[in-house]
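Structure assessment
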Protein chains: 2
Amino acid sequence: MSETNPTSISLSEIEMAASRLSGIAMRTPLLESAVLNERTGGRILLKAETLQRTGTFKFRGAYNTISQLSNDARARGILAWSSGNHAQGVAAAASLLSTPATIVMPADAPSIKIANTRALGADIVLYDRYSESREDIGTKLADQNDLTIIPPYDDPGVIAGQGTVGLEISQQCQELGCTPDALLVNCGGGGLTAGCAIAMSARQPGCEIYTVEPTGFDDMARSLATGGRQSNPPGAKSICDALLSPTPGALTFPIAHELSSGGFHVSDASVRAAIRFAFTSLKLIVEPGGAVSLAAVLDGTFDATAKTVCITLSGGNIGAEMLSEILLEKD
Amino acid sequence: MSETNPTSISLSEIEMAASRLSGIAMRTPLLESAVLNERTGGRILLKAETLQRTGTFKFRGAYNTISQLSNDARARGILAWSSGNHAQGVAAAASLLSTPATIVMPADAPSIKIANTRALGADIVLYDRYSESREDIGTKLADQNDLTIIPPYDDPGVIAGQGTVGLEISQQCQELGCTPDALLVNCGGGGLTAGCAIAMSARQPGCEIYTVEPTGFDDMARSLATGGRQSNPPGAKSICDALLSPTPGALTFPIAHELSSGGFHVSDASVRAAIRFAFTSLKLIVEPGGAVSLAAVLDGTFDATAKTVCITLSGGNIGAEMLSEILLEKD
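Values in this document were obtained by computation on a predicted structure and should not be read as measured data.

1. Some thoughts on the sheet that holds strand 7 (residues 182–186) of chain A
Residues and elements named next belong to chain A. As summarised here, the arrangement of the 6 strands in space is 1-2-10-7-8-9, forming an open sheet in which the pairing is mixed. Only two strands of the sheet have a single neighbouring strand rather than two, namely strand 1 (30–32) and strand 9 (262–266). Between one strand and the next, the sheet's axes are offset by a mean angle of 30 degrees, whatever the strand orientation. The sheet contact formed by strand 7 and strand 8 (residues 208–214) spans 5 bridges and is parallel. What sits directly across from leucine 183, in strand 8, is isoleucine 209. The strands touched by helix 10 (residues 219–226) within the sheet are strand 8 and strand 9, with strand 8 carrying the most contacts at an inclination of about 135 degrees.

Structural data, given as C-alpha cells:
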C-alpha cells in the first residue's frame, strides 16, 4: 500500500477515474420512491450500485487501478483477496483488460460470490478464515508469481474509482435540481466512504457525510468519534458479509475523519426488514451489506424528516436461499 | 368507452399526458446490463417500469385519465376492474387526486396486489372470476353510485398515459445517442402497446414494434397476423396474471395493427427463467407478466443478435412465496 495523506487524493483523480470508467462502468441511476419518501418523511435518493457490473460498486475501483498498470504488469497478472464483492469486481475488470486474475477467498464466502468470480475467469484460491491469514497467503502467491496486489480499499486508485459513485451522485443531484442534506455510505474498510467524501465535499459542500455499519462492526463510527483507528471486538457476528472488515484503512480513515460527520450502526433485524422493503416497495434486490443505509432511514437510526438524503445501495449479491428466508419472514 | 379511430390519439396527446405526469410519475431509468448484452449478442435497453409508482406502468394511464375528470366527477369517485396492476395504479392515482376509488378484483388475484390496492385507500369489491362478470358488477355499481369507470386499456386517456413510457424510451435513446432497431412490449389488452407504438413510430420511425404475450394468450399476435381481433382459446393457463385479457381492445388493436410489426409468445418456463435471470444478473424484481419481453430475448424467441433492442419490464408485483419458489428452481 502506498504512503499517502488525505489531500493527495483529489477531486481531479476521481474525475480522471470517471474518464477511464466512461462507457465501461454503468452510470447507475439515482432512484426515488414515493413510498420511501412517505415512510421516512424526507426525500430519499437511492444510488443503485446494485445495478453496476457484477452487482456492486467494487468494479469501479478495480478497473481504475488495473487499467493504470503497465502492460508488463497486466500481462503478469493481478491478485486480490476478498469475501466476495471485491473479488467479482476485480475479476470482471481483469477480464475486460485481458489480465490474469488470482483471487483468495474464504471457503465460507457466499457460494453465489465464489461462483460468480469463477465465472468471470479468475483463478480462485480458497482459505479457512478461522485458521489462515488471507494476507499471508495472498502476499506469498503474489511474490512467487510477480503478481500485482489490488487491495480491497486501502489504495489511492481504488479510492478514486469508488469516488466516482460520489461524483455521479453530485451530478445527478444537480440534474434533479436538488441539494442533498446528507449522504449515507455503507462502510466496510472505507474505500467507498473516502472516495464519496472527497467528491461530495468538493461538489456538494453543504452535504453531511455519514457512514453506516452493521452493529458489532462499527469500527469506523467509533474511529470517527475518537479520532483514532479502532478495531471491532472479537466474536461479533452479522449477516452483512461485505462489511466485516476489522478496522478502517490507514488511507481511508484520515480522509473519512477529515470530511465526514460521524457514523451509525444498524442491527441485522433492521437489515432484514430493509431487504424486505426493497423487495416489496422498491422492486430491487439488495444484499445485507448493501442495505445498511436503507435500514438506517427506515428504522429511524438516521432521522430523514424534511431532509434530502442520498443513500447507497452498494451491492445486490445475495443467494436465493437467504433471500427467500428473509422475504418469507414477517415484519 | 369512447368511439375513436387510431389517428385520433396523437403524439401531442401523449406529450400532454407527459406534462400532466411530470413530477408525479417516476421517469423510470432505461437500464443496460453487460451480462445481458453478452448473453443475447445485442444491446438490450430495459425500460424498468417495475420502478414506477405501485411497481407498474399502470399508474401513468390512470393518473392521466382521472386528472382530466371534472371536479364533480372526481368528487363522486371512480371505479375500475382489474386483477391487480391497473387496480393499484388507479388506487394510487385516485388517492393523489383525492378521489374515492372502488376497485372490482377477482377473489383469486395475487394477495399482494389486493393488499397493496387496499393500502392505497381503495374500496375493494371481490368477485368470483369463474361464475361472475366483473364488467356487470362494475357497471352496476358505477350506475348506482354515479362513478366514472376507468377502463384498463381501451380508453384514449389511458392509452395516452401509457404512451409516455414510449415517449421516455425515445428520449432516453436519444440521450444515449442510440437508434433502437426494435421495441418489445409486454401485451395484455394492448394499452401499453398502442401508446408506445404511437410515441415510438413518431419519434423513432426506424424502430420496429413487437408485442410479447404468454403462450396460450397470444390473441394480439394472432390478431396482428390475421388483421382482425382474435380471442384466446378457453382453458389456457399461465402464471402471467397481468396478461390474461381475452382479446385485444377495440381501440388498441387498430393502433397496434397500423404501427407494429407482429407479435411473439413465450412459455411459462421461459418466464420463470427470465425472473431468475433478473434476480441473478440484473438485481431486479420482475413479476411474470412483466418478464415476457426479457424471456423472449433470453430464450431466442426474438433474436437480438447485433441489434439494439428496447424491452419493457412492465411490472414487479410478485408475492414472496411465488418468487422464492421460482428462484429456488434450477435452470
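2. Side note on the sheet that holds strand 5 (residues 123–127) of chain B
Residues and elements named next belong to chain B. Read from one edge of the open sheet, 4 strands run 5-4-3-6, paired in parallel fashion. Strand pairing shows two members of the sheet lacking a second neighbour, strand 5 and strand 6 (148–149), which therefore form its edges. With respect to the sheet, helix 7 (residues 134–145) is in contact with strand 3 (78–81), strand 4 (101–106), strand 5 and strand 6, its orientation differing from that of strand 3 by roughly 175 degrees.

3. Quick word on the packing of helix 10 of chain A against helix 11 (residues 252–259) of chain A
Residue and element names in this part refer to chain A. Running from N to C, helix 10 and helix 11 point in directions that differ by 60 degrees, and their axes come no closer than 10 Å. Classified by the angle between their axes, helix 10 and helix 11 sit oblique to one another. In this structure, helix 10 meets helix 11 at a crossing whose hand is right-handed. Contacts from Met220, Ser223 and Leu224 in helix 10 reach Thr252, Phe253, Ala256 and His257 in helix 11. By residue class, the composition of the contact of helix 10 with helix 11 is 4 nonpolar, 3 polar and no charged.

4. Regarding the pairing of strand 3 of chain B
Residues and elements named next belong to chain B. Burial along strand 3 is two-sided: Ile78 and Ala80 facing one way and Leu79 and Trp81 facing the other are all buried. One ladder, built from 4 bridges, connects strand 3 with strand 4; its direction is parallel. Following the sheet pairing, leucine 79 is matched in strand 4 by threonine 102. Bridge count between strand 3 and strand 6: 2 bridges; the pairing is parallel. Pairing of leucine 79 across the sheet is with isoleucine 149, part of strand 6.

5. What about the relation of the copies chain B and chain A?
Mapping chain B onto chain A calls for a rotation angle of 180 degrees and an axial translation of 0.0 Å; the resulting RMSD is 0.0 Å. Within this description, the copies of the chain are treated as partners about a two-fold rotation axis. Taken as a fraction of all interface residues of chain B, those also at the interface in chain A reach 100%, which identifies the copy contact as same-surface.

6. Quick notes on the nonpolar core
Of all hydrophobic cores here, the largest spans 82 residues; its most connected members are Leu294 of chain A together with Leu294 of chain B. What leucine 294 of chain A contacts, discounting residues up to four positions off in sequence, is Leu36, Leu46, Ala274, Ala278, Leu282, Ile311 and Leu313 of chain A.

7. Thoughts on the interface of chain B and chain A
Tallying the contact residues gives 25 residues for chain B and 25 residues for chain A. Buried surface at the junction of chain B and chain A, both sides included, amounts to about 2,200 Å², of which 71% is carbon and sulfur. On the chain B side of the contact with chain A, Phe279, Lys283 and Ile285 of chain B bury the most area, a combined 30% of that side's loss. Our enumeration of links across chain B and chain A arrives at 0 salt bridges. At the boundary of chain B with chain A, the tally comes to 7 residue pairs in polar contact (both at pLDDT 80 or more). For the side of chain B that touches chain A, the elements supplying multiple residues, two or more each, are strand 1 (30–32), helix 2 (34–40), helix 12 (268–282) and helix 14 (320–327) of chain B. Examining the composition of the side of chain B that touches chain A, we find that 5 residues originate from one element, helix 14 of chain B, more than from any other. Among the residues forming the side of chain B that touches chain A, the class breakdown is 14 nonpolar, 6 polar and 5 charged.

8. Focus on helix 6 (residues 111–119) of chain B
All names here are of chain B. The set of residues buried in helix 6 consists of Ile112, Lys113, Ile114 and Thr117. Check the buried side of helix 6 and you find it contacts helix 5 (85–96), strand 4 and strand 5. Glycine 121 lies just past helix 6 and shows a positive phi near 95 degrees.

9. A few points about the side chain of aspartate 241 of chain B
Residue and element names in this part refer to chain B. On the secondary structure map, aspartate 241 appears in the loop between helix 10 (219–226) and helix 11 (252–259). Here lysine 113 takes part through its side chain, which lies 2.6 Å from a polar atom of the side chain of aspartate 241. If near-sequence neighbours (up to four positions away) are discounted, aspartate 241 is found in contact with Ser83, Pro110, Lys113 and Glu287.

10. Describing the confidence of the model for chain A
All names here are of chain A. Of all residues in chain A, 98% attain a pLDDT of 70 or more, and the chain-wide mean is 95. Scored below 50 in pLDDT, residues 1–6 shows 9 contacts in the model against residues more than four places distant or in partner chains. Under the prediction, the complex receives an ipTM of 0.94, its pTM being 0.95.

11. Some remarks on the packing of aromatic side chains
Residue and element names in this part refer to chain A. Within the structure shown, the criterion is met by 8 aromatic pairs over all chains. Aromatic pair tyrosine 210 and phenylalanine 302: ring centres 5.5 Å apart, planes at 55 degrees, arrangement tilted. Taken together, the residues span a long stretch of sequence, with tyrosine 210 in strand 8 and phenylalanine 302 in the loop between helix 13 (292–298) and strand 10 (308–313) at a distance of 92 residues. Considered together, tyrosine 210 and phenylalanine 302 belong to a single accessibility category, that of buried residues. A network of ring pairs unites the aromatic residues Tyr210, Phe264 and Phe302 as a single cluster.

12. Let's talk about the pattern of salt bridges
Scanning all chains against the criterion turns up 30 salt bridges over all chains. With a closest N to O distance of 2.8 Å, glutamate 175 of chain A and arginine 27 of chain A form a salt bridge. Of this pair, glutamate 175 of chain A sits in helix 8 (residues 156–176) while arginine 27 of chain A sits in the loop between helix 1 (11–21) and strand 1; the two residues are 148 residues apart in sequence, bridging distant segments of the chain. A relative accessible area of 57% means that glutamate 175 of chain A is categorised as exposed. Overall, the relative accessible area of 42% leaves arginine 27 of chain A in the partly exposed class. With its nearest N and O atoms 3.9 Å apart, the salt bridge here joins arginine 134 of chain B to glutamate 135 of chain B. What emerges from the salt-bridge pattern is a single network uniting Lys47, Glu49, Arg60 and Glu168 of chain A.

Here is what the cut-offs are and how they apply
- Residues numbered from 1 in each chain as written.
- Chains lettered and ligands numbered in written order.
- Predicted model: local features only at pLDDT ≥ 70, side-chain atom pairs only at ≥ 80, totals over all residues.
- Heavy atoms only, no water.
- Pairing = 2+ DSSP bridges.
- Helix = DSSP H or I, 4+ residues; strand = E, 2+ residues; numbered from the N terminus.
- Axes fitted to C-alpha atoms, helices over the stretch in contact; angles between N-to-C directions.
- Contact = heavy atoms within 4.5 Å.
- Parallel < 35°, antiparallel > 145°, perpendicular 65-115°, else oblique.
- Left-handed = near helix turned anticlockwise from the far one by under 90°.
- Nonpolar A, V, L, I, M, F, W, Y, C, P; charged D, E, K, R; others polar.
- Buried < 20%, exposed > 50% of the residue type's maximum accessible area, 1.4 Å probe, protein only.
- Least-squares fit on C-alpha atoms with pLDDT ≥ 70 in both.
- Core = buried A, V, L, I, M, F, W, Y, C linked by side-chain atoms within 4.5 Å.
- Buried area = accessible area lost by both parts, 1.4 Å probe.
- Salt bridge = Lys/Arg side-chain N within 4 Å of Asp/Glu carboxyl O.
- Polar contact = N/O pair within 3.5 Å; in protein donor to acceptor, adjacent residues only side chain to side chain.
- pLDDT = per-residue confidence, 0-100.
- Phe/Tyr/Trp six-rings, centres within 6.5 Å; stacked < 30°, edge-to-face > 60°.

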